[in-house]
Each structure stands twice: as structure tokens, then as C-alpha cells.
Amino acid sequence: MVGTSTATGRWRPVLHDTALWAALSAAGFYAYTDRAAPSLALDLLLPLSVLAVAVPGSRRRPGAAVFAANALCAVGLAATPPAASPYLLALAALAYLLGVRGTDTGRALLLLGTCVAVDLAVCAVLAVDAVYWFYVLALVPLALLPPWLAGRHRQARLALVHGGWERARVLAEQQRSVAERAGLRERTRIAADVHDSLGHQLSLIALRAGALELSPTLSGQDRADLAGLRADVADAVGHLRETLTVLRADEDAPGTAPRGAFVDAPGTAPAAESVDALVRRAREAGVAAEVHREGEPPLRSPLITRTVHRVVQESLTNAVKHAPGAAVRIRLTHRDDRTTVRVTNSPPPESASPASPAAPPASGSGHGLTALRERVQLIGGTLRTGPYGDGGYEVCAVLPDAVGGRRPSDGPYAPQGPFPPHGPYAPQGPDQDPGPLHGLADARRRTRRRFVVAFAVPGALGAVMLVSAALLAHQLTACVLRPADFAGLRTGRTSTELARVLPERQFPYVPDRVADDHPEPPGTVCAFYRSNGNLLEQVDIYRLCYADSRLVAKDVLPGTRRG
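Computed from a predicted structure; not experimentally measured.

**Student:** It is not clear to me how the overall build of the protein should be interpreted in this structure. Could you clarify?
**Tutor:** Scanning the protein from terminus to terminus reveals 14 helices and 8 strands. Counting every position in the protein, which comprises 563 residues, the buried fraction comes to 38%. Intrachain contacts of the protein at a sequence separation of at least 6 include 70% that bridge at least 24 residues. When the accessible area of the protein is evaluated, it comes to approximately 30,600 Å², of which 60% is carbon and sulfur surface.

Here's what the structure looks like:
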């Protein structure tokens, strides 16, 4: 499978180039079959060979490919009679590829200007008619500049997408690193909780062992064993304290521990503080908080109890920080072998100010919810956060009553519904660098502005040229006298009698060389008409000469000099 994919990737550019060459050659082949006396070598084989080299060559040298296609268009001006080249489509396609594959804007613009200059020089040397000057000044620039600009936009968009994915990758790595650090900090706090609970119980064991040493009913050996037990417990408490001190080394560094209205520094939080005591402290600080309980509280592990406390504590802190003055509702639901902690806050009142007394300073790492999710998952629970109601927010944790028990996601009380990873509690702070996202947005805005500016002037120029081309086409088609009508004209008839047959307009662009080769008869006034409606071919011109409003002569003036 790998070999097949590699082979397909190697042949894909060849297939693309072949398809493009076939499409561009189709226009040349159609023009070849439409010519009166075409030359197989010069009018078909040579242009198709040039395109066969230019199309694949545009991958390495797109500028040379554009110049080759423009040369084909210039050759059409040197034909007899001069003709609009059918390879304008090839010129436009290769100009687009120049914009996609080229890197130097200045050199590309110089190349496009050189192509137009070469075509103008050919017109000047060959002294072509005005219609071909218009062709070079209008259609050739339209085949060069707008496709090139479209290719430049495509190139910028591809670079932007590539840069966006690269920025997203860097941002994802940063987020992963931030989450890992937050998880490590939360594990340290869990270790502190273990010390507070386990250390307390070990201390009680040591005290009871000391009390038993004084019992008069014990033998000397029993007292020695109890003394050894008490010493071992005391050593275990000391080792536990030393281990926790090492784990807290980073936690005590400035700026690493989260601070908020109700988050205490490590080692200062009351280990046995209940949720009711925490809510009471919040009320004393001016927060409209209330607690509702459902079911009988089970006998939980101290670590689970501490986690319930942390969920309420973090939710209160975020509510005060991001929605000052909002009412906070805490609901504790005890059911089966799990506890659901749901903390919701209403939208902040319009009169509330971020500088209100209840609002804490906007400091800290800003990753409290990330650390809280780590703690909840470590003990086998689930946590979800997200918008609630009309502008509010909700934090919902489902915790087992025993560490290592059945996960809440396995039962009927698992949190339902996805929560979007955004909102007022999205991680903020020094670890969350929004630079890549802002940089990507700025790059997109700059690309859009450049695209609009780049296409505004060419677009306006193209609109003017299209209007001019439409007016010219109307003039050329409104002065066509059909050959059958010309043959039916008889000399001696008045201009009034001929008016119903003649076109509404006369041909105003009689070439000077034609007029010089066929001077008007003396004493006459002549009118000129085109013999067919071909817009870019030199056609024969019908001349009707009048004397005293009567037709005295009619002539066919060849559009080109006869050999």
C-alpha cells in the first residue's frame, strides 16, 4: 500500500500537467480548424510543442513559461492576416501558476510588463490596425494581471493555512504542557491532603500507643513493643512531612499557586473545613451563596470530602472573579455510591463592577479548573463545566464515595451533554499565551486587505476595458452590410432609396493604407461598411460613393494588401 501511494504521488504532477496541456491545446486546435489556409507546422504543431514544454516547465521556471505563452500570442499578430491568438487562455493559466509558484513579486511584475511591451513592439513594427492595439492593451493585460493576482492570493492562502496548522500545533503543545503542570500542582495538593488526614490519624495512633505504655497490666515486653510502635509511627509522620516538603518546593514558588477569594495558600487551608463553613465565609465576604442538599451524606474517604470542598471552593472563586455580584447556588446530591456537586451562578447584574469588594484580584495561573479536573479524575470522578442558562455558568462534579470505586461515567448519574471549551472561565494567565491565535487572526486580516487592494485597481481597469470592448463591438457589428445586400445595390439610386438596406452606422475605422491604395473618386462623398461581423479579423470593406445624393460607385476594398 505504501509503494502504491508513493507511485501515485509521483505520477500525480505528470497527470495534472497532461490534463492542463490538453485543455489549453484544445483552443489552439479549434482555431487551427477554423482558419482558411492553415499551416500544420506553424499553426498547430509548433504552438502545441511550445505548450508541451511550458506547462511542465512552469513548476521550476514559471516566468519562462509565461514568456513562452506570450510569444505564441505575439506570433498571432505577425500572421497574415493578423489574428487574435487562441492561446490567451494558455497565457492566463500560466500567469496564474506564476502567482502560485513564484516568490518574487517585483520580478513577476517586471515580467508581466515585459510581455505587454513585447506585444506593443510587435504592433508598432508590423503597423497593425487600431483594433489590434486595443487587443494588446486590453485583452493581454487581462490575461496576465488578474490570473497572476488570483495565484498570489492562492499562494498566500496556502501559506496561511500551513502557518495556522503550525501555530495550532505549537498552541496544542503549550496547552498540553500547561495541563501537565496544573495536574502536577494538584497532585501536590492531594499529597498535602493526605498529610493532613493520614498524618492526623498516625499521630492519634502514636498517642494511643503512648497511653497504652502506661497501663499497669502490660508486661515489660509489651511496653517495649508499644514504644517501638510509637517510635515507628513518629518516624513515618516525619518521613511523610519531609516528602511533602520536597513536593511543595515548586508549589511555594511565587506565581505558581492559584489565588482567589476563597483559595488558601498551600498548608494554610483548614483541613477539616466543611462546605457549610466555606459557604459561610463566602457570605461574610458578600457573596449571595446558598447550599441545598439531597440525600443522606455517606461516610466518605477524607480525600473525597476534601475534593468536594475543592470543587465548591474553586467554583466560588471563579464566580466572584468573573461574575461579581451574581447569586451562587450549590447543590449536593448524595445517591447510591456517589455524590454530585453542582455549582451554578447567575449572570452578573448590570450594576456590578469588576472592582466591587467581593471581587478578588485577577491574579493567579488561571488554571484552577484544569487542576480541579485532574484531582477529580484521579479519584475516579468526572467534571464538566460550561455556560448555564442565559449568561450563567455551571460546574458539575460527580464523585464516588470511595477512591477506586466505580467511575460515575459507568452509571446513570454520569454528567450528560458536552460543554464547550470556552467561556468566562477559559484558562487565562501567563501560561496561556494567546499570541499564536492573535497572530493567525492578524495574518488573515492582512491577507484579506491585500487581496482587496490588489484586485481593486485591476478590477476597475478591467471593468473600463470591458465597457470599452462592448462599445467597440457594438460599433463594429452595427456597420455590417451583408454581401447579398451589397450585390443588390444599383448605381443611380438615391441615398433615400438605399437607406432601408444600409446599416444604421458607417464604419469609422478605415485603415489609412486601404484609403491610400484606393482614393475616392473626385467630387464624391463615400460611406464605408464592413463585409461581416468578425470583430478581430481584417475583413473586406464596402465603399459606396455618392454624388448629389445618388450612388455613382461601389467598390470592395480588401482588408489586407493583396500579394
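Here the narrative resumes, following the displayed structure.
**Student:** In this structure, what is going on with the packing of aromatic side chains? I would like to understand it.
**Tutor:** Given two aromatic rings, one states the distance between the centres and the angle between the planes to describe the pair. Following the criterion strictly, the structure yields 1 aromatic pair and no others. Centre to centre, the rings of Phe486 and Tyr542 are 4.0 Å apart; their planes meet at 5 degrees, and the pair counts as stacked. Separated by 56 residues along the polypeptide, Phe486 in helix H12 (residues 483–487) and Tyr542 in strand E7 (residues 541–547) bring together distant segments of the chain. Across this residue pair, the class does not change: Phe486 and Tyr542 are buried. Here Arg530 stacks its cationic end above the ring of Phe507, 5.8 Å away from the centre of that ring.

**Student:** Any chance you could explain the pattern of salt bridges here in plain terms?
**Tutor:** Oppositely charged side chains can form a pair if their charged atoms are brought close together. Enumeration over the complete set of coordinates arrives at 13 salt bridges. Two residues, Glu294 and Arg335, come together in a salt bridge whose shortest N-O distance is 3.9 Å. Linking Glu294 in strand E1 (residues 289–294) with Arg335 in strand E2 (residues 328–335), this pair joins segments that are 41 residues apart in sequence. Its relative accessible area of 31% is what places Glu294 among the partly exposed residues. Close ionic contact of Glu394 with Arg384 constitutes a salt bridge, the shortest N to O distance being 3.9 Å.

**Student:** Please clarify how the state of the cysteines should be interpreted in this entry.
**Tutor:** Here, the word disulfide means a covalent bond between the sulfur atoms of two cysteines. A complete count under the given rule lists 1 disulfide for this structure. Between the sulfur atoms of Cys526 and its disulfide partner Cys545 the distance amounts to 2.2 Å. On the sign convention where negative means left-handed, the S-S torsion of about 95 degrees between Cys526 and Cys545 marks this disulfide as right-handed. Here Cys526 is found in strand E6 (residues 525–530), whereas its partner Cys545 is found in strand E7, with 19 residues between them in sequence. Taken individually, Cys526 and Cys545 each receive the classification buried, so the pair is uniform in this respect.

**Student:** Would you mind going over helix H2 (residues 40–57) with me for this structure?
**Tutor:** Residues that lie three or four places apart on an α-helix share one face, since the helix turns once every 3.6 residues. Taking 1.5 Å as the rise per residue, H2 with 18 residues should run 26 Å; its terminal C-alpha atoms sit 24 Å apart, in good agreement. Its maximal kink placed at Leu46, H2 deviates by approximately 25 degrees, while the proline Pro47 follows within four residues. Along H2, the residues that are buried comprise Leu44, Pro47, Leu48, Leu51, Ala54 and Val55.

**Student:** Help me understand the packing of helix H9 (residues 302–322) against helix H10 (residues 368–378), please; the structure alone is not making it clear to me.
**Tutor:** In a packed pair of helices, the relevant descriptors are the angle between the two axes and the axis-to-axis distance. Contact geometry of H9 with H10 gives a least axis separation of 11 Å together with a crossing angle of 160 degrees. Viewed along their axes, H9 and H10 adopt a mutual orientation that is roughly antiparallel. Viewed along their axes, H9 and H10 form a crossing whose handedness is left-handed. Together, Leu303, Arg306, Thr307, Arg310, Val311, Glu314 and Asn318 of H9 and Gly368, Leu369, Leu372, Arg375 and Val376 of H10 make up the contact between the two elements. Each residue belonging to the contact of H9 with H10 can be placed in one class, and the counts come to 5 nonpolar, 3 polar and 4 charged.

**Student:** I would appreciate a short explanation of the nonpolar core in the present structure.
**Tutor:** The nonpolar side chains of a soluble globular protein tend to be buried with one another. With 30 residues, the main nonpolar core has Val66, Leu91 and Leu144 as its most contacted residues. Residue assignment for this core shows that the elements contributing at least two residues are helix H3 (62–77), helix H4 (88–101), helix H5 (105–126) and helix H6 (130–213). At 8 residues, the largest contribution of residues to this core is made by H6.

Cut-offs applied
- Residues numbered from 1 in each chain as written.
- Predicted model: local features only at pLDDT ≥ 70, side-chain atom pairs only at ≥ 80, totals over all residues.
- Heavy atoms only, no water.
- Helix = DSSP H or I, 4+ residues; strand = E, 2+ residues; numbered from the N terminus.
- Buried < 20%, exposed > 50% of the residue type's maximum accessible area, 1.4 Å probe, protein only.
- Contact = heavy atoms within 4.5 Å.
- Areas by Shrake-Rupley, 256 points an atom, 1.4 Å probe, with all protein chains shown as cover.
- Phe/Tyr/Trp six-rings, centres within 6.5 Å; stacked < 30°, edge-to-face > 60°.
- Lys NZ or Arg CZ within 6 Å of the ring centre and 35° of its normal.
- Salt bridge = Lys/Arg side-chain N within 4 Å of Asp/Glu carboxyl O.
- Disulfide = S-S within 2.5 Å.
- Expected span 1.5 Å × (residues − 1).
- Bend = angle between axes of the 7 residues up to and from the residue.
- Axes fitted to C-alpha atoms, helices over the stretch in contact; angles between N-to-C directions.
- Parallel < 35°, antiparallel > 145°, perpendicular 65-115°, else oblique.
- Left-handed = near helix turned anticlockwise from the far one by under 90°.
- Nonpolar A, V, L, I, M, F, W, Y, C, P; charged D, E, K, R; others polar.
- Core = buried A, V, L, I, M, F, W, Y, C linked by side-chain atoms within 4.5 Å.

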